[in-house]
Amino acid sequence: MAQKGVQLDRETFSCSICLDLLKDPVTTPCGHSYCMNCIKSYWDEEDEKKIHSCPQCRQTFTPRPVLVKNTMLAVLVEELKKTGLQAAPADLCYAGPEDVACDVCTGRKLKALKSCLFCLVSYCEKHLQPHYDVAQLKKHKLVDPSKKLQENICSRHDEVMKMFCRTDQQCICYLCSVDEHKGHDTVSAAAERTERQRELEVSRQNIQQRIQDREKDVMKIFCRTDQQCICYLCLMDEHKAHDTVSAAEKRTERQRELEVSRQNIQQRIQDREKDVKELQREVKAINRSADKAVEDSEKIFTQLIRLMKKRSSDVKQQVRSQQETEVSRVKELQEKLEKEITELKRKDAEMKKLSHTEDHTQFLHNYPSLSALSKSTSSINIRPLRYFEDVTAAVSELRDKLQDVLRDKWTNVSLTVTEVDVLLSQPEPKTRAGFLQYSRELTLDPNTANTQLLLSEGNRKVTRMSQQQSYSSHPDRFTGCVQVLSRESLTGRCYWEVEWRGRVRIAVAYKNISRAGRSNECGFGFNNKSWSLDCNNNSYNFWYNNVHTPVSGPQSSRVGVYLDHSAGILSFYSVSETMTLLHRVQTTFTQPLYAGLWLYYSFGDTAEFYKLK
């Protein structure tokens, strides 16, 4: 009874939060007491709700009560400590629903530490102590706590079943052995346990031997010849003399390949993310440039007569249409790249998961389906930041030419709009067949030909003559340099070939190149308005702005010229059975170009725009 009273005191002066004796006790308005730190921590978690409650009775308080130490409780707790009483056991010492409870404890039971097979009782640490101290109890058999102690009691005689009937294969008590099991083959339960233990050990040894045998049959070898996993028996049989390694070694090799593939994927992810950002910038730049082109075009067209208003509307419509087309193409490629990034990340995650697979066979089985990378989207190329500016230039020319522009130059305006092409979806061709898809049929403009030049073959061929030709006077004619320009302007992607003999300069030039006299402002390659390749029987030289660059390459009587106006690319090729690049220019063209020929060396030299098939 005294012990029960002590237990009551412990519970009375314990905090219901920490289950320990009260420390700095405080009392809530509802009358319950807690450790000051415990209740403060509890209410700190409720601060967000703005309502604080008692952990025991759930009464709520608003606002949060100000707590003051309960001096009376503090004194009582100190007195309890002085009398030698200990803090109440923590919840972990009490038996829960899943635990074995002490059969001796009264009230709230503690967890059992051991069960006695002789007493058929479970004991907590305190009540187990006599089994360690009393000589007679030391002989009892103690086991881990068990809820099945009653299964050791004979249901008929209420005695401990300490014997085993081998005849009926069941545990019995000593009364059963002289009753219904009389004359049966009976032994003590301990003796039967010893016999069964020996059988169990034999069975375990057999199982372990079978495990070793099966491990020998596990496919721990990889046959490189047949690209499959095999076992030791396969190695001595159908895979004998094949190139084999351990599966672990092959796993290491494939792991390295997997890491290389992952690195490639990660690099492609970085490249694609960089391309996406570049495309986002291009969309903004296209929109800005298109808006400015529309604005400038409208200002220019307002100065023209009513006849020009229709053309103004056409330009605006074309610009907007091309703007929409280009933005759509860029966004489409952007979405494609983003999908590729997502797929690469998914592939990377699958490879990462595979790389951590511990099962060698599963790793090698799944490896082929993950290691191969899908074909990468071609890297994008962005053209120089000139989108619709050429539209403004073309429209300005329209304003100056009026009826002449409407009749002859309207094509330039339309072409300039449609040639706005941000994405280099098709790189420079590698074969002559590839170049021919951009071929242009060119003719020479008689109004630009020097009087020493004779045009023939439908104005495709020019010959240097000793006598003057009877051309009418024209402001576009070259008067000093023996040169001629094409009638057709060149924008977008163009390709043409020139068949030459003697010594010829094959060129491109702006239309506003000077025409009168022999100054550098007129000669192809001697100014910043023209580019030319000097061809003779011994060598090539490239000229621009009066600076020449020696060019090496196979001699050929035919030169191919490739122009990508928007990309600022001008390339010269030696054409025979194969095409060999002689020289490439990367620049920015600000106006439409015209093909040019300069026969400045000897009478009888010829050049002809080759008729492409």
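- In the annotation of an unreviewed UniProt entry, the protein is listed under the name Tripartite motif-containing protein 16 and assigned to Dicentrarchus labrax.

**Here's the deal with the overall build of the protein**
- If you tally the helices and strands in the protein, you get 15 helices and 26 strands.
- Pairs at least 24 residues apart make up 59% of the contacts formed inside the protein by residues separated by at least 6 positions.
- Carbon and sulfur atoms make up 50% of the accessible area of the protein, which totals about 34900 Å².

**Considerations on the pairing of strand 20 (residues 540-544)**
- Most of strand 20 sits out of view: four of its five residues are buried.
- In this sheet, strand 20 lies alongside strand 19 (residues 530-535) in antiparallel orientation, the contact comprising five bridges. Within strand 20, the residue paired with S532 across the bridge is W543.
- Where strand 19 folds back on strand 20, the antiparallel hairpin that results is connected by four residues.

**Remarks on the sheet that holds strand 20**
- In spatial order, the strands read 16-25-18-19-20-21; together these six strands make up an open sheet with antiparallel pairing. A strand with exactly one partner marks an edge of an open sheet, and here the two such strands are strand 16 (483-490) and strand 21 (547-551). Averaged over all pairs of adjacent strands, the angle between their axes in this sheet comes to 20°, without regard to strand direction.
- Of the strand pairs in this sheet, strand 20 and strand 21 are connected by five bridges, and their pairing is antiparallel. Residue pairing across strands places Y544 opposite V547, the latter belonging to strand 21.

**Section: the pattern of salt bridges**
- Summed over the entire model, instances satisfying the criterion amount to 33 salt bridges.
- When the shortest N-O distance is used, the salt bridge between E257 and R254 registers 3.7 Å. Residue E257 and its partner R254 are both found in helix 10 (residues 247-301); the two are separated by three residues, about one turn of the helix.
- Residue E257 is classed as partly exposed on the basis of its relative accessible area of 31%.
- Members of the salt-bridge network, linked through shared partners, are R268, R272, D275 and E340.

**Points about the nonpolar core**
- Counting residues in each nonpolar core, the largest one holds 49 residues, and the members touching the most others are W496, I506 and L597.
- Among the elements that make up this core, the one with the highest residue count is strand 18 (residues 504-510) (six residues).
- Counting residues in hydrophobic clusters, the runner-up holds 34 residues, among them L258, V319, V327 and V395.

**What to know about the packing of aromatic side chains**
- The final tally for this structure, using the stated rule, is 13 aromatic pairs.
- Their ring planes at 55° and their centres at 6.1 Å tell us that F542 and F572 sit as a pair that is tilted. Taken together, the positions of F542 in strand 20 and F572 in strand 23 (residues 569-575) put the pair 30 residues apart, joining distant regions of the chain.
- F542 gets classed as buried once you look at its relative accessible area, which sits at 6%.
- What links up through ring pairs into an aromatic cluster is the set F435, Y438, Y495, Y562 and Y573.
- The lysine or arginine in question, R515, covers the ring of F478, its NZ or CZ lying 5.1 Å from the ring centre.

**Observations concerning unusual backbone geometry**
- Cis geometry marks the peptide bond from T62 to P63, where omega comes out at 0°.
- If you check the backbone angles, D24 has positive phi at about 50° while not being a glycine.
- As for its position among the elements, D24 is in the loop between helix 1 (2-12) and strand 1 (25-27).
- For D24, a relative accessible area of 42% gives the class partly exposed.
- The phi angle at N459 is positive, at roughly 65°, despite the residue not being glycine.
- Tracing the backbone shows N459 in the loop between strand 14 (453-456) and strand 15 (461-464).
- Under the relative-accessibility criterion, N459 is labelled partly exposed at 24%.

**Side note on the sheet that holds strand 7 (residues 142-143)**
- In space, the three strands of this open sheet follow the order 6-5-7, with antiparallel pairing throughout. The open sheet has two free edges, formed respectively by strand 6 (121-123) and strand 7, since each of these has just one partner strand.
- Of the strand pairs in this sheet, strand 5 (residues 114-116) and strand 6 are connected by three bridges, and their pairing is antiparallel. Bridged to S115 within strand 6 is S122.

**Digging into helix 2 (residues 36-45)**
- Residues of helix 2 that are buried: M36, C38, I39 and W43. The buried residues of helix 2 occupy an angular sector of 165° when projected down its axis, which confines them to one face. Opposite the buried face of helix 2, at more than 90 degrees from it, the exposed residues are N37 and E45.
- The inward-facing, buried residues of helix 2 contact strand 1, strand 2 (33-35), strand 3 (52-53) and strand 4 (60-61).

**Here we look at helix 3 (residues 71-82)**
- With 12 residues, helix 3 should cover 16 Å at 1.5 Å per step; its first-to-last C-alpha distance of 17 Å lies within 8% of that length.
- Inspection of helix 3 places L73, A74, V77 and L80 among the buried residues, and these make up the whole buried set. On an axial view of helix 3, the arc spanned by its buried residues comes to 120°, and they lie on one face. Those residues of helix 3 that are exposed and aimed more than 90 degrees away from the buried face are T71, M72, V75 and K82.
- Tucked inside the fold, the buried residues of helix 3 contact strand 1 and strand 2.

**Here we look at the environment of K126**
- Here K126 shows up in helix 4 (residues 125-128).
- Sequence-wise, K126 and V104 are 22 residues apart; in three dimensions their C-alpha atoms are separated by 9.8 Å.

Definitions and limits used
Residues numbered from 1 in each chain as written. Predicted model: local features only at pLDDT ≥ 70, side-chain atom pairs only at ≥ 80, totals over all residues. Heavy atoms only, no water. Helix = DSSP H or I, 4+ residues; strand = E, 2+ residues; numbered from the N terminus. Contact = heavy atoms within 4.5 Å. Areas by Shrake-Rupley, 256 points an atom, 1.4 Å probe, with all protein chains shown as cover. Buried < 20%, exposed > 50% of the residue type's maximum accessible area, 1.4 Å probe, protein only. Pairing = 2+ DSSP bridges. Axes fitted to C-alpha atoms, helices over the stretch in contact; angles between N-to-C directions. Salt bridge = Lys/Arg side-chain N within 4 Å of Asp/Glu carboxyl O. Core = buried A, V, L, I, M, F, W, Y, C linked by side-chain atoms within 4.5 Å. Phe/Tyr/Trp six-rings, centres within 6.5 Å; stacked < 30°, edge-to-face > 60°. Lys NZ or Arg CZ within 6 Å of the ring centre and 35° of its normal. Arc of directions from axis to C-beta. Expected span 1.5 Å × (residues − 1).

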